[in-house]
Amino acid sequence: MKKALHNLKTYTAALLCASCALLGSTQAAAQDYPKDKPISLIVPYPAGGPSDASARIFSEAISEYLKHNVVVENIGGATGAIAARRMLSDAADGYTFFHGSPNELILPTLTNKAVTFQPEDFELVQAITTATIVVLTRAGLEVNNLDDLIRLAKNKDGAPLTYGSVGNGSLYHLLTERIKKDTGINVEHVPYRGSAPALTDLAGGQIDFAVLAFQTSMLGLQDQGRLKILSTLGSVAPEPLKDIPKIQDSELLKDFDYGIRGGYFVKAGTPEEVKKVLRAAVGYALEKPDVRERLEIEGRIVYNPMSAEENEALWNNEISSLRELVDVVGFEPI
């Protein structure tokens, strides 16, 4: 009996020593962060879209704070799920982090049977902005506001109106399906691999309308007579959209208020010290007047830095609200 107890104590002590050694090495690695290799900032869409523009604004300031090279890596497709899987394939060490939103990290888990990751596999280090979602139409479509579009799509004989989004199961897709459910419009979805190709086809007249995150290039395309911006889908809009009707101006669509929150994410299990460094770096960027100005020009509503607890609460709320949206729409995973 004494020998068994002695062996148990010896084993326990060895296990504790091993755990302490592992913790010590993890803490040492976190204290050295960032060190040798560059940091990869994954953007889940092709270059040229609003996410890419925002990430490149942030990457400069983050690199400046860290005094370390930050490389933007664009990985489009599957509404961000391909980029998310790429992120999860790397170590949880902070050398890969993700410029994204619930559109890539929550919705694919609810709408795509092939997606095996979960929202809980990611941790929100710092929320950064809310992007304004807008409804746009091709220039030749005979509508002047959102209610006109709803009436046309509802009463149209023959082929339905076609609309573009950044992909099947994206927030933009689900919001349009929510409008369809609420109003009875007759529309057909055309998925794209990002905002840039959807916007190109809309301006070229290949689709009738689109629901996308606002970017300033849309104003230029409208001025050139290549498309029309009908409405925001949120009740609060940034300065560049001050003259565009808001969703509350609609008579046919009530109790509808959506934007898309962006932030910086790491793989779950990333050391706390590393997350603190990254949170501080993103917070530094958020407090730079030139960064805020450039983001606001791009039509973003910019946040102030948040605590770890505030970011966690925000992320959990996003998970709950989007699960509810999917249920309301009745979207079946594909």
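Calculation criteria
- Residues numbered from 1 in each chain as written.
- Predicted model: local features only at pLDDT ≥ 70, side-chain atom pairs only at ≥ 80, totals over all residues.
- Heavy atoms only, no water.
- Helix = DSSP H or I, 4+ residues; strand = E, 2+ residues; numbered from the N terminus.
- Buried < 20%, exposed > 50% of the residue type's maximum accessible area, 1.4 Å probe, protein only.
- Areas by Shrake-Rupley, 256 points an atom, 1.4 Å probe, with all protein chains shown as cover.
- Lys, Arg positive; Asp, Glu negative; His and termini not counted.
- Charge placed at Lys NZ, Arg CZ, Asp CG, Glu CD.
- Polar contact = N/O pair within 3.5 Å; in protein donor to acceptor, adjacent residues only side chain to side chain.
- Contact = heavy atoms within 4.5 Å.
- 1 Å grid on protein atoms, 1.4 Å probe; cavity = no way out; pocket = protein on both sides within 12 Å on 5 of 7 lines; lining within 4 Å.
- Points joined across faces, edges and corners; volume = space filled by probe spheres on them.
- Nonpolar A, V, L, I, M, F, W, Y, C, P; charged D, E, K, R; others polar.
- Core = buried A, V, L, I, M, F, W, Y, C linked by side-chain atoms within 4.5 Å.
- Salt bridge = Lys/Arg side-chain N within 4 Å of Asp/Glu carboxyl O.
- Phe/Tyr/Trp six-rings, centres within 6.5 Å; stacked < 30°, edge-to-face > 60°.

Q: Just to check I follow, could you spell out the overall build of the protein chain for this structure?
A: Of the regular secondary structure elements, the protein chain holds twelve helices and ten strands. Dimensions of the protein chain, computed from C-alpha atoms along their principal axes, come out at roughly 90 × 45 × 30 Å. For the protein chain, the proportion of its 334 residues judged to be buried stands at 50%. Just so you have it, the protein chain exposes about 15,200 Å², and 52% of that area is on carbon and sulfur atoms. Each charge class in the protein chain can be summarised by its mean position, and for the 33 positive and 42 negative side chains these summaries are 6 Å apart.

Q: What should I look at first to understand the side chain of Thr96 in this one?
A: With respect to the helices and strands, Thr96 occurs in strand 3 (residues 96-100). We classify Thr96 as buried; its relative accessible area is 7%. A polar atom in the side chain of Thr96 sits 2.6 Å from the side chain of Asp90. If near-sequence neighbours (up to four positions away) are discounted, Thr96 is found in contact with Ser40, Ile42, Arg86, Met87 and Asp90.

Q: Can you walk me through the layout of surface pockets in this structure?
A: One simple way to see leftover space: roll a probe sized like a water molecule over the atoms. Taken as a whole, the largest pocket holds about 490 Å³ of empty space. Listing elements by their share of the lining of the largest pocket, those giving two or more residues are strand 4 (122-138), helix 7 (171-183), strand 9 (259-267) and helix 12 (308-329). Partitioning the lining of the largest pocket into residue classes produces twelve nonpolar, seven polar and five charged. Empty space within the second largest pocket amounts to approximately 240 Å³. As for the second largest pocket, its lining consists of 15 residues, of which Glu123, Leu124, Lys275, Ala308 and Glu312 are closest to the centre. Elements with a minimum of two residues in the lining of the second largest pocket: strand 4, helix 10 (272-286) and helix 12. At seven residues, the largest contribution of residues to the lining of the second largest pocket is made by helix 12. Across the lining of the second largest pocket, the residue classes break down as six nonpolar, two polar and seven charged.

Q: Got a minute to help me understand the nonpolar core in this structure?
A: Nonpolar side chains tend toward joint burial in soluble globular proteins. By size, the foremost hydrophobic cluster in this structure holds 98 residues, and its most contacted members are Phe58, Ile62, Leu233 and Tyr264. Here this core takes ten residues from strand 4, the largest share from any one element.

Q: Looking at this structure, how should I read the pattern of salt bridges?
A: Two side chains carrying opposite charge are able to pair once their charged atoms lie near each other. One pass over the structure, following the stated rule, counts 16 salt bridges. Residue Lys275 is joined to Glu123 by a salt bridge in which the shortest nitrogen-to-oxygen separation is 2.4 Å. One end of the pair, Lys275, is in helix 10; the other, Glu123, is in strand 4, and 152 residues separate them in sequence. The class of Glu123 is partly exposed, set by a relative accessible area of 23%. Among the salt bridges present, the one from Asp243 reaches Lys242, with a minimum N-O distance of 3.4 Å. Looking at Asp243, the relative accessible area reads 64%, which means it is exposed.

Q: Would you mind going over unusual backbone geometry with me for this structure?
A: The amide bond that connects Tyr33 to the next residue, Pro34, takes the cis arrangement and shows omega of -15°. Looking at the element boundaries, Pro34 is found in the loop between helix 1 (2-31) and strand 1 (39-43). Even without being glycine, Ala78 reaches a positive phi, approximately 55°. Tracing the backbone through its elements, the reader meets Ala78 in the loop between strand 2 (70-74) and helix 3 (81-88). Within the chain, Asp255 stands out as a residue other than glycine whose phi angle is a positive 55°. Within the secondary structure layout, Asp255 lies in the loop between strand 8 (227-232) and strand 9. Look at Asp255 and you get exposed, because its relative accessible area is 77%.

Q: What am I meant to see in the side chain of Thr130 here?
A: Along the chain, the position of Thr130 falls in strand 4. In this structure the side chain of Thr130 is engaged in a polar contact, spanning 2.4 Å, whose partner is the side chain of Tyr303. Those residues in contact with Thr130, other than ones at most four positions away along the chain, are Gly259, Ile260, Arg261, Gly299, Arg300, Ile301 and Tyr303.

Q: Would you mind showing me how to read the packing of aromatic side chains here?
A: What characterises a pair of aromatic rings is the spacing of the ring centres plus the angle enclosed by the ring planes. Tallying each qualifying case throughout the model produces nine aromatic pairs. Seen in terms of ring centroids, Tyr33 and Tyr95 are 5.2 Å apart; in terms of plane orientation they differ by 75°. Their pairing is edge-to-face. Here Tyr33 is found in the loop between helix 1 and strand 1, whereas its partner Tyr95 is found in the loop between helix 3 and strand 3, with 62 residues between them in sequence. Across the pair, exposure class does not vary: Tyr33 and Tyr95 are buried alike. Residues Phe58 and Tyr264 carry aromatic rings whose centres are separated by 5.5 Å and whose planes lie at 65° to one another, so their mutual orientation is edge-to-face. Of this pair, Phe58 sits in helix 2 (residues 50-66) while Tyr264 is found in strand 9, placing the two residues 206 residues apart along the sequence. Grouping aromatic residues by their ring pairs yields a cluster made of Phe58, Phe97 and Tyr264.

Q: Help me understand the environment of Gln248 in this model?
A: Tracing the sequence through the fold places Gln248 in the loop between strand 8 and strand 9. The exposure class of Gln248 is partly exposed, given its relative accessible area of 46%. Between the C-alpha atoms of Gln248 and Thr232, which are 16 residues apart in sequence, the distance is 9.1 Å. In this view, Gln248 contacts Gly234 and Ser235; residues no more than four positions away in its chain are not counted.

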